[in-house]
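Topology and contacts: notes
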Amino acid sequence: MTTAHRTRAIAGILAAVLAASIVAQTQSGASEPAVSPDAPPTVVITGANRGLGLEFARQFSAAGFEVIGTARRPDEADDLRSLGVRIEQLDVTDARSVEQFAAAIGDHPVDILVNNAGIGGRVLSIEDLDAERVRRIFEVNCLGPMRVTQAMLPALRAGDRKLIVNITSLLGSIERNTRGGYYGYRESKAALNMFTRSLAVELDPEGFTCIVMNPGWVRTGLGGPGARLSPAESIGAMITVIDGLKPADSGAFFSHDGERVPW
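Residues numbered from 1 in each chain as written. Predicted model: local features only at pLDDT ≥ 70, side-chain atom pairs only at ≥ 80, totals over all residues. Heavy atoms only, no water.

Another point: unusual backbone geometry. At Lys-162, a position not held by glycine, the phi torsion is positive, near 50°. Assignment of secondary structure puts Lys-162 in the loop between helix H5 (131-158) and strand E5 (163-167). Positive phi, normally seen in glycine, also occurs at Tyr-182, with a value near 55°. Relative to the assigned elements, Tyr-182 resides in the loop between E5 and helix H6 (185-203). (Helix = DSSP H or I, 4+ residues; strand = E, 2+ residues; numbered from the N terminus.)

Here the focus is the pairing of E5. For E5, a buried count of 5 out of 5 residues is recorded, marking the element as mostly surrounded by other parts of the structure. Residues of E5 alternate between two faces, with Leu-163, Val-165 and Ile-167 on one and Ile-164 and Asn-166 on the opposite face, all of them buried. Sheet topology places strand E4 (residues 112-115) next to E5; 4 bridges connect them, and they run parallel. Its bridge partner being in E5, Ile-112 is matched across the sheet by Leu-163. Once you follow E4 into H5 and on to E5, the crossover reads as right-handed. As defined by bridge partners, E5 adjoins strand E6 (residues 209-214) across 5 bridges and the pair is classed as parallel. The partner of Val-165 across the bridge, within E6, is Ile-211. Of the crossover connections in this fold, the one passing from E5 over H6 to the parallel E6 is right-handed. (Buried < 20%, exposed > 50% of the residue type's maximum accessible area, 1.4 Å probe, protein only. Pairing = 2+ DSSP bridges. Right-handed = clockwise from strand over helix to strand, strands pointing away.)

To continue, consider the environment of Met-152. By secondary structure assignment, the location of Met-152 is in helix H5. Judged by relative accessible area, Met-152 falls into the buried class, the value being 1%. As for Met-152 and Leu-113, which are separated by 39 residues in sequence, their C-alpha atoms are 8.2 Å apart.

Attention now goes to the packing of helix H2 (residues 51-62) against helix H7 (residues 231-243). The geometry of H2 relative to H7 is characterised by a closest axis approach of 9 Å and an angle of 60° between their N-to-C directions. Between H2 and H7, the interaxial angle falls into the category oblique. By crossing handedness, the relation of H2 to H7 is classed as right-handed. Two secondary-structure elements touch here, H2 through Leu-52, Glu-55, Phe-56, Gln-59 and Phe-60 and H7 through Pro-231, Ala-232, Ser-234, Ile-235, Gly-236, Met-238, Ile-239 and Ile-242. For the contact of H2 with H7, the class distribution of residues is 9 nonpolar, 3 polar and 1 charged. (Axes fitted to C-alpha atoms, helices over the stretch in contact; angles between N-to-C directions. Parallel < 35°, antiparallel > 145°, perpendicular 65-115°, else oblique. Left-handed = near helix turned anticlockwise from the far one by under 90°. Contact = heavy atoms within 4.5 Å. Nonpolar A, V, L, I, M, F, W, Y, C, P; charged D, E, K, R; others polar.)

What follows is the structure in structure tokens.
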């Protein structure tokens, strides 16, 4: 996907969010919009200081979104800071940190939440399993998005897009698990998938769209240098899918290229 295509995809999301805002204000009978139609939509991206999160921040920012990127250590997030986006401290495993982050957001409407923060795990044999390491993986990859989503609900309800994107992995697909291994990591992503399905059902009456997305095999610290996709290619493709999402897609498992992935 070219840079021009990626920019057009993000611009499509921007236009859709602004249009939804105007329609909502018109239907409510308000004589003046509560938020200016010229105000950019807001996207919150967890784990935005590197890898996929950093690329999400870069592409959304370039398209005119207000980006709120989180990092556990904001003072070390130099690449994120260079984008000129808003940076907030957040450790998704720490309930107090999540509470403080929500307080920092306050009543600011959030249109899109991207639960991107995650860690890997390459335990290939049950004999090598470290239960404490697995506990840590679950804390970050599953409980983290649950905490953040719960804390962000007031801001998401105030937004126009009401979109929650949880970044999963093909390794979280039970049906496609034909090779085994990756103990802890596979299970954490499968649990994240189930959380997203439940969330989609509960929030459907409020107009939310909740999905999980597999970014593909990407050249990041987790994917390694031999991976097929660059971060720009993966994120650009995912943003194209996000741009085309409809309420009927809520609760689905997508790959970066729009393929529906079996659970």
